[in-house]
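Descriptive structure summary
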Amino acid sequence: MLDNIKIFVRESWLLVTAALLCGLLLAATNAALGPRIEMNKTLKLTSLAAGLLPEAKSFAPLPEAIEVKGLDGKPESAVVFKATADDKTVGWAFKAVGSGFADKIDLVVGADASFSKLTGYDVVSSSETPGFGDQIKYAYYRGQFTGVPAEKFTLVGVGAANPADIDSTIVAISGATISSAAVVQAMNHYLPQLKEQLQQKGLIPNGSNP
Amino acid sequence: MAATLDGQTGLYKDAVANGLWREMPVFGMLLGTCPTLAVTAAVKPALTMGLCVIFVLVCSNIMVSLMRKGLRPHVRILLFTLTIAAFVTVADLFLRAYQPAMSEALGPYVPLIIVNCVIIWRAEARASNSGLMLSIVDGLAMGAGFTIALCALAVIREILGTGRLFEIQVMPTAFPTWAAMGMPVGAFLTYGFVLGFINFMKRKRA
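Because the structure is predicted, anything quoted here is derived from the model rather than measured. Sequence positions are assigned chain by chain, starting from 1 and proceeding in written order. For naming, the first written chain is A and the first written ligand is 1, with later ones following in the order written. The predicted origin of the model limits local features to residues at a pLDDT of at least 70 and limits the giving and counting of side-chain atom pairs to 80 or more, whereas totals for whole chains, interfaces and linings rest on all residues.

Focus: the overall build of chain B
Inclusion rule: The helix and strand labels rest on DSSP assignments: H or I over at least four residues marks a helix, E over at least two residues marks a strand, and numbering proceeds from the N terminus. In this description the radius of gyration comes from C-alpha coordinates, and the expected globular size is given by 2.2 Å times residues to the power 0.38. Our exposure labels follow a C-beta count within 10 Å of each residue's own C-beta, placed from the backbone: buried means 20 or more other C-beta atoms, exposed means 12 or fewer, and partly exposed covers the counts in between.
Broken down by element type, chain B carries eight helices and two strands. Secondary structure elements in chain B, listed N-terminal to C-terminal, are α-α-α-α-α-α-α-β-β-α. Relative to the globule expectation of 17 Å for 206 residues, the C-alpha radius of gyration of chain B, 18 Å, shows essentially globular dimensions. Summarising its shape, the C-alpha atoms of chain B cover approximately 60 × 45 × 30 Å along the three principal directions. Burial analysis of chain B (206 residues in total) assigns 40% to the buried set.

In structure tokens form, the structure reads like this:
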């Protein structure tokens, strides 16, 4: 037994030491650069949100955290910004995450001041296949979420509905059903939770839940 | 003593000549072709990728050279990969922090430096059996050779594809841009023509 341990230590001490050193290096780098990377993400999110809510002059994160259930069922803090212009709330922007074909898809979604209609969405980051899944960034697909009621969406195949109709039926992208479904999944997962939480906190008027 | 110094100088000169010409990764050994084809549509991403590769090459060569006396054959590749992955992650985090737009433009190709065979080739062929200084010079020379090759292809593709260089208009506005140069077909064509030209020149000199 002791001999085996000696052999193990002799053969692997360098690997274990190198792994520890590399781990320390990565932890230190992450600690040093993490806040800046997060700041960059927030800047990108708010600049994309500005495109969804053009009348907004500033975006402020909510003072108190909003707890929602993540896609994996675990609780997470939602990223929600209040869009204001001249001290008046003109809308809301929030981050939604969907499970895409290649990786998670991060979206920023805009809603009007009463959270009753969506003003659209934009893609913060995605690794979807160029030419197929990344069409979720294109106006053709994104336009289906502009001006629609903030309620549960249904995904249908090409030809099953008219994508120009402003309703809760979303026509999938041909050849990219998983990416299309990921966007709908993100909306359906986060919208009802956020609407309920914002209503409970008195930030938006009470109405029918989606 | 003088002979030893001459020998050492010769080794360094060889390392530089190998990296920049004789064993130039992209044009001499045809290694690292994935980023070569993927990020050379414009000079800025090509240069950024080249600088990242230089950083990872030099750092991994330093680590491997320092560990070379303790290397065991069966954990050798594991150690190289661990070291390379750590420095690639550092480079990736740095880009995401200070060059977020470029990090996004390069997409998965920065993390993919982990599997760039130029780096593991130098760790195995040079750093694992050479001293610290020689390993550093080797990493710098090979990285510089890789960067020069990427930038050379990117200059051709960016000028022909957009009429611009470093996003500055360099061709007359009447110049008809070749859209194909920004696409994968442009990458393969440019790489092929430049390789052919280099081979032609080498044969002419031989």
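Still more ground to cover, so stick around.
Remarks on helix α3 (residues 177–200) of chain A
Residue and element names in this part refer to chain A. Inclusion rule: To estimate the expected span of a helix, count its residues, drop one, and scale the result by 1.5 Å.
With 24 residues, α3 ought to run about 34 Å at 1.5 Å a step, and its terminal C-alpha atoms sit 35 Å apart, in line with that. The set of residues buried in α3 consists of S179, S180, A182, V183, Q185, A186, M187, Y190, L191, L194, K195 and L198. In the stretch just after α3, G202 is the one whose phi turns positive, near 75 degrees.

Overview of the interface of chain A and chain B
Many descriptions give the size of an interface as the accessible area lost when the pieces come together. Condition: It is the C-beta atoms, placed from the backbone, that decide contacts: two residues are in contact if theirs lie within 7 Å. Note that Gly is not counted as nonpolar here; it falls among the polar residues with everything else outside the nonpolar set of Ala, Val, Leu, Ile, Met, Phe, Trp, Tyr, Cys and Pro and the charged set of Asp, Glu, Lys and Arg.
Contact with chain A, which involves 16 residues of that partner, is made by 17 residues of chain B. Among the residues forming the side of chain A that touches chain B, the class breakdown is nine nonpolar, five polar and two charged.

Overview of the pairing of strand β3 (residues 75–78) of chain A
All names here are of chain A. Our working definition: Criterion used throughout: strands pair if DSSP finds at least two bridges between them.
Examined bridge by bridge, strand β2 (residues 66–69) and β3 share four bridges and lie antiparallel to one another. Bridge assignment links E67 to a residue of β3, and that residue is S77. Linking β2 to β3, which pair antiparallel, is a turn of five residues; within it G73 sits at a positive phi near 90 degrees.

So, the sheet that holds strand β4 (residues 80–85) of chain A
Residue and element names in this part refer to chain A. Going by this rule: Inter-axis angles, ranging from 0 to 180 degrees, are taken between N-to-C directions of lines fitted to C-alpha atoms, where helices are fitted over the stretch in contact.
Read across the open sheet, the five strands follow the order β1-β4-β5-β6-β7; overall the sheet is antiparallel. With partners counted over all chains shown, the strands left at the sheet margins are β1 (58–61) and β7 (118–125), one partner each. Going across the sheet, the axis of each strand differs from the next one's by a mean of 25 degrees, ignoring polarity. Two strands pair when backbone bridges link them, and β1 and β4 are joined in this way by four bridges, in the antiparallel orientation. Following the sheet pairing, A60 is matched in β4 by K82. Packing of helix α1 (residues 2–52) onto the sheet brings it into contact with β1, β4, β5 (88–99), β6 (104–112) and β7, and relative to β7 it is tilted by some 150 degrees.

Examining the nonpolar core
Our working definition: We define a nonpolar core as a collection of buried residues of the types Ala, Val, Leu, Ile, Met, Phe, Trp, Tyr and Cys that are connected via C-beta atoms lying within 7 Å of each other.
Counting 50 residues, the largest nonpolar core has V53, V56, F87, A91 and L150 of chain B as the members making the most contacts within it. Mapped onto this core, the elements with two or more residues apiece are α1 of chain A together with α3 (43–67), α4 (76–98), α6 (117–125), α7 (132–162) and α8 (184–205) of chain B. Broken down by element, this core gets its largest block of residues, 13 residues, from α3 of chain B. Sequence-distant contacts of L150 of chain B, that is, excluding residues within four places in its chain, are made with V26, T36, T40, A46, M49 and G50 of chain B. By size, the runner-up hydrophobic cluster in this structure holds 44 residues, among which are L52, L118, F145 and A176 of chain A.

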